[in-house]
Structure formats: C-alpha cells, structure tokens
Amino acid sequence: MIKIKNICKNFGELEVLKNISLEIRPGKITAIWGPSGCGKTTLFNILSGLEKNFTGSIDGLPEKISYCFQEDRLLNHESVCKNLKFIRDIQDKELLQNLLHIFRLDDIKNKKVKHLSGGQKQRVSIARALYFGSGLLLLDEPFKSLDLELKLRILKDLTAFQQKHKITVMLITHDAQEAYLMADTIFTLNEKPCSVRDCHELKTKKISRTPFDSQISGIFRDYYL
Amino acid sequence: MIKNNLIKTIISRMSGIIIIIAAWHFLSVFIADAFILPSPADVFVILRKLIASGSAFNEFKITFIRSIAGLAIALAAGIAAGVLLGLNKIVYDVFHTIIIFIQSTPAIAWILLAIIWFSTEMVPVYVVAIAVVPIITLNCAEGILQTDRKILEMASLYKVKKMKVLRYIYLPAITGYLISAVKISLGLTFRVAVMAEVLVHPGSGVGEKMNWARINIETGEVLAWTIIIVAATMIFDQIVNLIFKFSLRKYND
C-alpha cells in the first residue's frame, strides 16, 4: 500500500496542494479526478521524485516508477521501437512485441516518431511507460489525444494488461468516463488549493461498466449540478 | 523544378564572380600600374604557372595540413569544453568570461605570443586552434543549454545511462549548433593559418609564398595565392556541407 500523508506544496505565495492524503492499493487502478489546472500533475511530479520541494510524507513507494507524461516526451528522431528500448538496459523482446500489439503500433514500429500523429505518439508514450516494468505506473491524462473509439479500445486493453500483470496504476484525468471505466478507486479533488474531496470504491466489475452508465452521474453528480 | 533552381543558383553565383572580375579589370585599367594592381588576365597567367609547376598544390597542402590540425585540436577541445560548460552552470559562468576574453583578443596578439612560445612550424596550428576554440565551445555549450529539459527529465526518471543520454538526447541537440560553428570556423581557419605563415616565416606554405611575393613586389603572385585560398575555402565549404548532409540524413528525412 502506498500511503500519501498531508502533502502540501506551494509555488511562492500560491498554495497548490493542501493536505493531500491518499491510500493507493497495490495492483489496482486509482483514478484522481479533478478540474484542469487544480494541481494533479504537481502531485505526480512529487510522487515521481521530479518535484522534491514539498511537505508531508509518502510511504511504500516502489524504487522504479513509470510516468506517462501529459506531453509525449519522445525522441523525435528515433523510431517507435528505439523509443521503447531507450529506457531499458536489458531488453524483453516478448513484452516489447506484446505492447506494440496492444497499442496498435506493429505497423509503425520502425517509423520515426516525428512522422506520427498526436494520438500515435500518445500510444507510444503509454507503451514506453509500461515497458519500463515498474511497480507503479503514473498516467497523466494519457488518452487526451485519442478519438473516442480508439480510446475505449486502448482503455480496455490497458486495463486487461494491468489486471494480468497486477500493476499499481494511478491515473490523472478530468474525464469522468475514463475514470469510471478504468478505476477501482476514484479520488475526486477540489481546486484552489487542491484537496481531496471524497473517495469512491467501485464494486462493479469493470467488464460490466459502459461509457454511458448511470453510475457515472452518481459519482460525479455534485460537480455537474 | 529542382534542376531549374540549381541552374538559377549557379547563374547567380557565377554573376557574382563575373562582377568582381569586371570591377577588378576596370580598376586595373584605371590605375594602369601592374605593380599596384595587375589585370585579372595577368594574375590568371601567374596562377596557371603556379598550378602547372606543382607549387600551388605543394604549398597549399602544407597550409591545409596546418589548418586542419588546428581545426581538429579546436574541435576536440571545444566540444569537450562546450559539453562541460553546458552541463554545469557554475563552470559556464566561470569559463564564459575566459572564452569571451580569448575571442576578443586580436589574432595578431596570439601570433606574437606564439612566436615567443612555440617553434615556427607550430605557430599556425596553435593560432588556428586558439581562434576557433571559442566558436566551437560557445556553440556546443549553447546546444547543450537549449536541450529540451522535459526530455532530460524523462531520461532521469527512467534512470537512462549517461552515455545513452549523450548519444540520443544531447548529440542531436548540439548537432545543428556544431554545424554552424564548423562552417564559420572553416573560413576563419584558412585565413588565420595564412596570416600566421606570413608573419612567422615557417619556410613553407601559402602564407610564406605570399610574403616572398610581397617582399619582391610581385602583386600578381600575391593575388594568385589569394585566389587559391579563396577557392579552397569555397570548395571545402561545399565538401563540409555534403559531409553534414550525408551524415545527418537520419535527422532530416
């Protein structure tokens, strides 16, 4: 279990995160849902170690953490395959092929990243994060450049991959549908400063959830009123 | 279309050369003194003699070796220093002033010091190196400083080894800066090497021959050697362009 306790973060006078406390269950998907610009990415930067100046404590973080950033952060002059291989010293051919297949990258695996569309780049970025083989995967709005059909297909495959490999996933999103379809737990956040509003444990099986489920409005009701 | 553009480029460049030769011709007619300014035709006769006797090739070869040796030293030292400067802010602040000092010092001052410090053979090499090092260093450092911080953050998060980071992130970032630095340096290299040869009398090289022609008031020969150096600089500029184009096709296609 990853225990995040009373995380506070200020940028000068601006209070961004206020007493954020979360418990992240291992092998599950935890979605963090909140309005854009409320400080979700700052929280991920703290968890990944990129942001070191904060107060509070984090226990149970694994040594290796994968982070799928909001921007793709890929090597533009290199191929899709090379971008995945770049982050590992010892390659795992089977996992590589599997990820290329899941993210529909087989046909473009030798294509240079600079020639790919935004959606393709985003898929490479998710595949790279998974190829790292870490104990915790941070996904920061990973589906924002994908069309609905592709998003739902990848969301399903990613969830299946996560369940099979028992990866602990934290997902940042402002898309209620994404959070509902993927997550085992959803934390909703307030803005200015960012604080935890409430926590929902989802009991229904993911396979029985649909994008148009009435439960979505149940969970996110307060925000849409 | 491409062929038409190529023809247009060749015609415009040839026009530039024709204008220079025409202006030179009219000026030489106007001055009417071959000691001060011989006509282009006279100079081309001398040039043909220099080429036919093998002197042009032999003397240029010596100047070329000195220039390239100086450039190679400058490249090795400049890239190493540039990487260090780019990677460390304190080192950058400390050495930036030193490099600007070196760059601002007139080449003649370095030549005079080199005459005191080194053997005459080594002076052109040393002067070329010292003239080019600041250009390579500052460009290389700038390339490192302009490297995408977000990509570096990604590499640090995934604990990518330093050699891989240098090869796949820093190298593509500094390549453009290095190309322009080498292009600027190439023209400077031949000019500075010849200037050093003129002043230190190393016994051989284009500069040495130019100096003898000056002493003997053979203006035509001075101009003929000048044409050789200008032509060589232009040819090597094109060769360097081709080399870069070939080696960087990975980044351009």
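If you're wondering where the values come from, they're calculated on a predicted model, not measured in any experiment.

**Q** What's the story with the overall build of chain B in this structure? I'm lost.
**A** Counting its secondary structure elements, chain B contains 11 helices and zero strands. When the helices and strands of chain B are read in sequence order from the N terminus, they spell out α-α-α-α-α-α-α-α-α-α-α. Of all 253 residues assigned to chain B, the portion counted as buried reaches 40%. Once local pairs closer than 6 in sequence are excluded, the contacts in chain B between residues at least 24 apart make up 73%. In the form shown here, chain B has an accessible surface area of approximately 14300 Å², with 73% of it arising from carbon and sulfur atoms. Charge centroids of chain B, computed over 22 positive and 14 negative side chains, lie 13 Å from each other.

**Q** It is not clear to me how the layout of surface pockets should be interpreted in this structure. Could you clarify?
**A** If you roll a probe as big as a water molecule over the atoms, it shows you where there is empty space left. Residue and element names in this part refer to chain B. The space that makes up the largest pocket amounts to roughly 460 Å³. Considering the residues around the largest pocket, the lining is formed by Leu 6, Thr 9, Ile 10, Arg 13, Met 14, Ile 17, Met 234, Asp 237, Gln 238, Asn 241, Leu 242 and Lys 245. Among the secondary structure elements, those contributing two or more residues to the lining of the largest pocket are helix H1 (2-31) and helix H10 (219-247). Its residues assigned to classes, the lining of the largest pocket shows six nonpolar, three polar and three charged.

**Q** In this structure, what is going on with helix H5 (residues 148-165) of chain A? I would like to understand it.
**A** Given 3.6 residues per turn, any residue in an α-helix points the same way as the ones three and four places further on. Residues and elements named next belong to chain A. With 18 residues, H5 should cover 26 Å at 1.5 Å per step; its first-to-last C-alpha distance of 25 Å lies within 8% of that length. Buried residues of H5: Leu 150, Lys 151, Ile 154, Leu 155, Leu 158, Thr 159, Phe 161 and Gln 162, and no others. In an axial view of H5, the angular spread of the buried residues amounts to 160°, which keeps them on one side of the axis. Structural note: H5 exposes Glu 149, Lys 156 and Lys 164 on the side pointing more than 90 degrees away from its buried face. Two residues or fewer after H5 comes Lys 166, characterised by a positive phi angle close to 50°.

**Q** What should I look at first to understand unusual backbone geometry in this one?
**A** Glycine aside, a negative phi is what most residues show, and trans is what most peptide bonds show. Residue and element names in this part refer to chain A. Residues other than glycine seldom take positive phi values, yet Asn 6 does so here, at roughly 45°. With respect to the element layout, Asn 6 can be found in strand S1 (residues 2-11). Non-glycine residue Glu 141 carries a positive phi angle of around 45°. Positionally, Glu 141 belongs in the loop between strand S6 (136-140) and H5.

**Q** Can you help me understand the sheet that holds strand S4 (residues 55-59) of chain A in this one?
**A** Strands in a sheet are paired, the pairing made by backbone hydrogen bonds, and the direction either parallel or antiparallel. Residues and elements named next belong to chain A. Pairing is antiparallel in the open sheet, where three strands are placed in the order S2-S1-S4. The sheet terminates laterally at strand S2 (14-24) and S4, the two strands that pair on one side only. For this sheet, the mean angle separating the axes of adjacent strands, direction not counted, is 15°. Here S1 runs beside S2; their pairing, made up of seven bridges, is antiparallel. Looking at S2, one finds that Asn 10 is bridged to Glu 15.

**Q** What exactly am I supposed to notice about the nonpolar core here?
**A** Most often, soluble globular proteins keep nonpolar side chains buried together rather than apart. Counting residues in hydrophobic clusters, the biggest one holds 111 residues, and the most contacted among them are A:Leu22, A:Phe86, A:Phe103, A:Leu130, A:Phe143 and A:Met170. Ranked by the residues each element gives to this core, the list is headed by helix H8 (residues 162-200) of chain B, at 13 residues. Beyond its immediate stretch of four places on either side in the chain, A:Phe86 contacts A:Leu75, B:Met154, B:Ala155, B:Val160, B:Lys164, B:Tyr168 and B:Ile169. With 16 residues, the next largest nonpolar core counts B:Leu47, B:Leu50, B:Phe190 and B:Val206 among its residues.

Rules behind the numbers
- Residues numbered from 1 in each chain as written.
- Chains lettered and ligands numbered in written order.
- Predicted model: local features only at pLDDT ≥ 70, side-chain atom pairs only at ≥ 80, totals over all residues.
- Heavy atoms only, no water.
- Helix = DSSP H or I, 4+ residues; strand = E, 2+ residues; numbered from the N terminus.
- Buried < 20%, exposed > 50% of the residue type's maximum accessible area, 1.4 Å probe, protein only.
- Contact = heavy atoms within 4.5 Å.
- Areas by Shrake-Rupley, 256 points an atom, 1.4 Å probe, with all protein chains shown as cover.
- Lys, Arg positive; Asp, Glu negative; His and termini not counted.
- Charge placed at Lys NZ, Arg CZ, Asp CG, Glu CD.
- 1 Å grid on protein atoms, 1.4 Å probe; cavity = no way out; pocket = protein on both sides within 12 Å on 5 of 7 lines; lining within 4 Å.
- Points joined across faces, edges and corners; volume = space filled by probe spheres on them.
- Nonpolar A, V, L, I, M, F, W, Y, C, P; charged D, E, K, R; others polar.
- Expected span 1.5 Å × (residues − 1).
- Arc of directions from axis to C-beta.
- Pairing = 2+ DSSP bridges.
- Axes fitted to C-alpha atoms, helices over the stretch in contact; angles between N-to-C directions.
- Core = buried A, V, L, I, M, F, W, Y, C linked by side-chain atoms within 4.5 Å.

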